[in-house]
Amino acid sequence: FLVFVLDLLVKVIIIAFGVREQVEEQYRRQKILFSEESNEDKAYRIERCLDETDGVSTNLWELRELALSKGGLLNAKYRQKAWPKLVGLSLEDIPGLSSNGKEEGLEVSRSANNELQGQEVNKTDIGEASHKQNGGEEKKSEIDASLDMIRRDVGRSVVFRYKNNDSSRSGENDNNASSIASEKLARVLEETIRQPENSSTLFYYQGLHDIAGVILHNMAYQEFSTALIMKRISNSHLRDAMRENFGNITWLLSVVLPPLVDKIEPHVHYALQMSHVELANICLPWIITWFTHDFHDPEIAARLLDAFLSGHPLMPVYFAVALITHPILKQPLLQADCDDPASTFLLIKKMPLALTIASDEESAQNGFEPKVPLQEVLDDSIAIMKDFPPRSLLDLVDSQMYPRHELLQRVATISLFKAPASWSIASGGLRKTGNTAKKFMDHLGNDSMIVRARLASGVPMLISTSTASAMTSSPQWGSRKHIVPKRRKKASKLKKLIRSVLGNRKVKTS
């Protein structure tokens, strides 16, 4: 009998500890999903995800989840290794990139800037080298016309206005470093628009230099790897923007944005209609620059690129809708004078400046202007994509204004509506040699941890999960905390008395 009691006691203790571990694990998962983990914990998860020393490739779904959750990839050190992986590049694609994320011979650090002072910048760009390998023949004459515009724009890149925060450096050193950085950015952009002879032409546009500048800055001014990343997104996410004109994107925004905003927030849609403000004209600069031209904070710009590189090519469009319909940011718009379109236009244009990467408490203490955590808007955009995935956007369009067959014909020419690139939904997490299936399951972990990444992919099969529905409908998700739930009116005492006598039938009282 004593042995039986001891055995039972041991089993009870084991079960109790097991339940405790399950509760702790569930609590940890909730903290991660609702972006409540510390930066130290997240840094550990990023390092573990990027670690390939055991012969296992990076789990890309976990990396996307880390990039989309609060804080993103945290700093440039992690982005130098993560961004190439997010666009499908490997160490083999970047021969000069070492395992620690450094590109040998191309990085310009502060110490390197001192060595470069007084030296003439090499004018032979990496694009010219590939140009010579192709026999010296230009594919398109438009490339020559773009080079002069690139040289003029690189000096005006927003990233160079805020990247140097060290007040101890002299103005001369700053000017020299900015000049070198501008030359590097120009070479990256020239290489980006040069395509192989058998591919379609890419046209440079003003605003592309801001995206490239943020990437170059976070990649420690590594030209070759930055150019490879730019080539990837130029042929996928930015393909429509790099056509001969913005006709396709402008048409897409004018057709999709109004009904989508109407579904999310009808009051905002009505205010825009009454103000006669074209939402497509306001959002176009946001979309083609990925909002990088509107932010003067390098952390916010880099944080957005974490998300856009990890999501569907239409993610910037969803982000614009989430920004305009945010419960706090929409209030000045709803109170604006409808007879003054200019003021409404300016109110919307200034909305990105209200975003911050600070926490809710820090945002509440920031001056007189309302500050909104960027993660709230990002989570809102992911929730909107879940409710209205890319393939269902055309269903929102008024069929009387745009006949279905004409709509499909026009959409067929837009790259944003085509299937995402294979690298954008690749899994990774496989051992390069050995038992790949077992290691994949061990490395992938629980799918319930990867919610944002699957929703942001825009793939219907990945979006339709019970875990995703439960998370996005939670009061803790995005800006839902600012929405006051509607309270049901309490029944009068007379109604309660009648119902108690006649039952639960609906009764009208005078």
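This text goes with the structure placed above it.
Please read all numbers here as calculations on a predicted model, not as lab measurements.

Undergrad: I'm lost on the overall build of the protein in this one. Help?
TA: Counting its secondary structure elements, the protein contains 26 helices and two strands. Residues counted as buried form 48% of the 510 residues belonging to the protein. A separation of at least 24 residues holds for 75% of the contacts in the protein among residues at least 6 apart in sequence. Looking at the protein as shown, the accessible area adds up to about 26,200 Å², and 54% of this sits on carbon and sulfur atoms.

Undergrad: Could you clarify how one ought to interpret the pattern of salt bridges in this entry?
TA: Any two side chains of opposite charge can pair, so long as their charged atoms come close to each other. Under the definition given, this model contains 13 salt bridges. Among the salt bridges present, the one from Asp 379 reaches Arg 452, with a minimum N-O distance of 2.8 Å. Placement of the pair is Asp 379 in helix H20 (residues 374-387) and Arg 452 in helix H23 (residues 452-456), with a sequence separation of 73 residues. Owing to a relative accessible area of 5%, Asp 379 belongs among the buried residues under this scheme. Among the residues examined, Arg 452 registers a relative accessible area of 1% and is labelled buried.

Undergrad: What is the right way to look at the packing of helix H15 (residues 298-310) against H20 in this model?
TA: For any two helices packed against each other, one specifies the crossing angle of their axes together with the interaxial distance. Packing of H15 against H20 brings their axes to within 12 Å, and their N-to-C directions diverge by 20 degrees. Classed by the angle they form, the pair H15 and H20 counts as roughly parallel. Between H15 and H20 lies a crossing whose hand is right-handed. In contact with Ile 300, Arg 303, Leu 304 and Ala 307 of H15, H20 contributes Leu 374, Gln 375 and Leu 378. Grouping the amino acids of the contact of H15 with H20 by side-chain chemistry returns five nonpolar, one polar and one charged.

Undergrad: Mind showing me how you'd approach the environment of Gln 222 here?
TA: Looking at where Gln 222 falls in the secondary structure, it is placed in the loop between helix H10 (208-218) and helix H11 (223-234). Along the chain, Gln 222 and Lys 184 lie 38 residues apart, while their C-alpha atoms are 8.5 Å from each other. Side-chain polar atoms of Gln 222 contact the side chain of Ser 225, separated by 3.2 Å.

Undergrad: Would you take a moment to explain H11 for this structure?
TA: Count 3.6 residues to each turn of an α-helix, and residues three or four apart come out pointing the same way. The end-to-end C-alpha distance of H11 is 16 Å, a good match for the 16 Å that twelve residues give at a rise of 1.5 Å each. The buried fraction of H11 is high, at ten of twelve residues. All of the buried residues in H11 are Glu 223, Ser 225, Thr 226, Ala 227, Leu 228, Ile 229, Met 230, Lys 231, Ile 233 and Ser 234.

Undergrad: It is not clear to me how the side chain of Ser 310 should be interpreted in this structure. Could you clarify?
TA: Within the secondary structure layout, Ser 310 lies in helix H15. Under the relative-accessibility criterion, Ser 310 is labelled buried at 2%. When sequence neighbours within four positions are dropped, the list of residues in contact with Ser 310 reads Arg 64, Ala 67, Leu 68 and Leu 86.

Criteria and thresholds
- Residues numbered from 1 in each chain as written.
- Predicted model: local features only at pLDDT ≥ 70, side-chain atom pairs only at ≥ 80, totals over all residues.
- Heavy atoms only, no water.
- Helix = DSSP H or I, 4+ residues; strand = E, 2+ residues; numbered from the N terminus.
- Buried < 20%, exposed > 50% of the residue type's maximum accessible area, 1.4 Å probe, protein only.
- Contact = heavy atoms within 4.5 Å.
- Areas by Shrake-Rupley, 256 points an atom, 1.4 Å probe, with all protein chains shown as cover.
- Salt bridge = Lys/Arg side-chain N within 4 Å of Asp/Glu carboxyl O.
- Axes fitted to C-alpha atoms, helices over the stretch in contact; angles between N-to-C directions.
- Parallel < 35°, antiparallel > 145°, perpendicular 65-115°, else oblique.
- Left-handed = near helix turned anticlockwise from the far one by under 90°.
- Nonpolar A, V, L, I, M, F, W, Y, C, P; charged D, E, K, R; others polar.
- Polar contact = N/O pair within 3.5 Å; in protein donor to acceptor, adjacent residues only side chain to side chain.
- Expected span 1.5 Å × (residues − 1).

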